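# Inside the fold
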Amino acid sequence: MAAHDTTTSTLTSLTYELARHPEWQERVREESRALGSPLAGFDAVDGLESLTLAMHETLRRYPPLPVIPRIATEPFEFGGYQIPAPAMVVISPIHTHHMSEHWTDPFRWDPERFAPGRAEHERHIHQWIPFGGGPHMCIGRRFAEAQVRMVMHQLLLRYRFSVPEGYTMPVQQ
């Protein structure tokens with residue numbers, strides 16, 4: 001259930017951003033058209049580079065899980081605070097993904113920040129964590145990304161997206 005809810009959330013947010021950025025919508029649409037088939041499989045959609053950049057930036061701006069709960073298995077110190085075991089610790093991707101010490105202009109949707117030449121997401125191992133991080137990263141990440149690409153590929157071949165002037169999508173924070 002969770003994987004499908006988060007995939008739906010990502011598709012909704014990605015559709016919104018592509019509607020707000022028609023130049024990106026056309027860029028990813030042309031990439032999809034270039035595949036030459038509406039029934040693209042895993043390998044084909046994995047090669048949709050612009051769509052992947054747009055999806056990763058969307059996951060940064062609107063992570064499907066605003067918080068990720070964890071349980072401390074051992075006591076530790078963080079930021080001058082002693083955290084006992086088994087305390088619940090909450091990781092907040094939506095805040096980490098908008099920290100100016102890690103991201104250039106963090107509140108702007110900018111898929112190029114994930115391009116190989118910039119690779120802002122590689123500045124710190126845990127700054128981009130829409131699927132969690134470390135040994136507890138979501139095992140469904142690759143499947144979810146493929147699913148988003150496949151659905152978006154179909155949508156791009158059939159529809160153009162737009163939003164009314166001044167509309168802002170509500171975001172859970």
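Quick summary incoming for the structure in this document.

Looking only at helices and strands, the protein features 6 helices and 4 strands. Shown N-terminal to C-terminal, the secondary structure of the protein runs as helices and strands in the order α-α-α-α-β-β-β-β-α-α. In terms of overall size, the protein behaves like a compact globule, its C-alpha atoms giving a radius of gyration of 17 Å where 173 residues would be expected to give roughly 16 Å. Across its three principal directions, the C-alpha atoms of the protein cover 55 × 35 × 30 Å. Here the protein holds 173 residues, and 42% of them are scored as buried. The contacts in the protein between residues at least 6 apart in sequence include a share of 65% that link residues at least 24 apart. Charged side chains of the protein number 16 positive and 20 negative; the gap between the two group centres comes to 4 Å.

Bringing a nonpolar patch on the surface into the picture now. A surface patch of nonpolar side chains, amounting to about 380 Å² of accessible area, comprises Val67, Ile71, Met88 and Val90. Summarising the element assignment, Val90 is placed in strand β4 (residues 88-91). By relative accessible area, which is 48% here, Val90 ends up partly exposed.

Let us now look at the side chain of Thr58. Mapped onto the elements of the fold, Thr58 is located in helix α4 (residues 49-61). Apart from residues lying up to four places away in sequence, Thr58 is in contact with Thr10, Ser13, Leu14, Glu17, Pro63 and Trp109.

Okay, the pattern of salt bridges next. Counted under the stated rule, the structure contains 16 salt bridges. Here Asp46 ties to Arg149 by a salt bridge, and the two come within 3.6 Å at their closest N and O atoms. With Asp46 in helix α3 (residues 42-46) and Arg149 in helix α6 (residues 141-158), this pair connects stretches of sequence that are 103 residues apart. When its relative accessible area of 5% is taken as the criterion, Arg149 is described as buried.

Turning our eyes to something else, we now look at the packing of aromatic side chains. The final tally for this structure, using the stated rule, is 5 aromatic pairs. For the ring pair Trp24 and Trp109, a centre distance of 6.0 Å and an interplane angle of 80° mean the geometry is edge-to-face. Here Trp24 is found in helix α2 (residues 22-34), whereas its partner Trp109 is found in the loop between α5 (93-96) and α6, with 85 residues between them in sequence. Given the relative accessible area of 8%, Trp24 is considered buried. Residue Trp109 is classed as buried on the basis of its relative accessible area, which comes to 6%.

What counts and what doesn't
Residues numbered from 1 in each chain as written. Predicted model: local features only at pLDDT ≥ 70, side-chain atom pairs only at ≥ 80, totals over all residues. Heavy atoms only, no water. Helix = DSSP H or I, 4+ residues; strand = E, 2+ residues; numbered from the N terminus. Rg over C-alpha atoms; globule rule 2.2 N^0.38 Å. Buried < 20%, exposed > 50% of the residue type's maximum accessible area, 1.4 Å probe, protein only. Contact = heavy atoms within 4.5 Å. Lys, Arg positive; Asp, Glu negative; His and termini not counted. Charge placed at Lys NZ, Arg CZ, Asp CG, Glu CD. Patch = residues over 30% accessible without salt bridge, like charges linked within 9 Å, V, L, I, M, F, W, Y side chains within 5 Å. Areas by Shrake-Rupley, 256 points an atom, 1.4 Å probe, with all protein chains shown as cover. Salt bridge = Lys/Arg side-chain N within 4 Å of Asp/Glu carboxyl O. Phe/Tyr/Trp six-rings, centres within 6.5 Å; stacked < 30°, edge-to-face > 60°.

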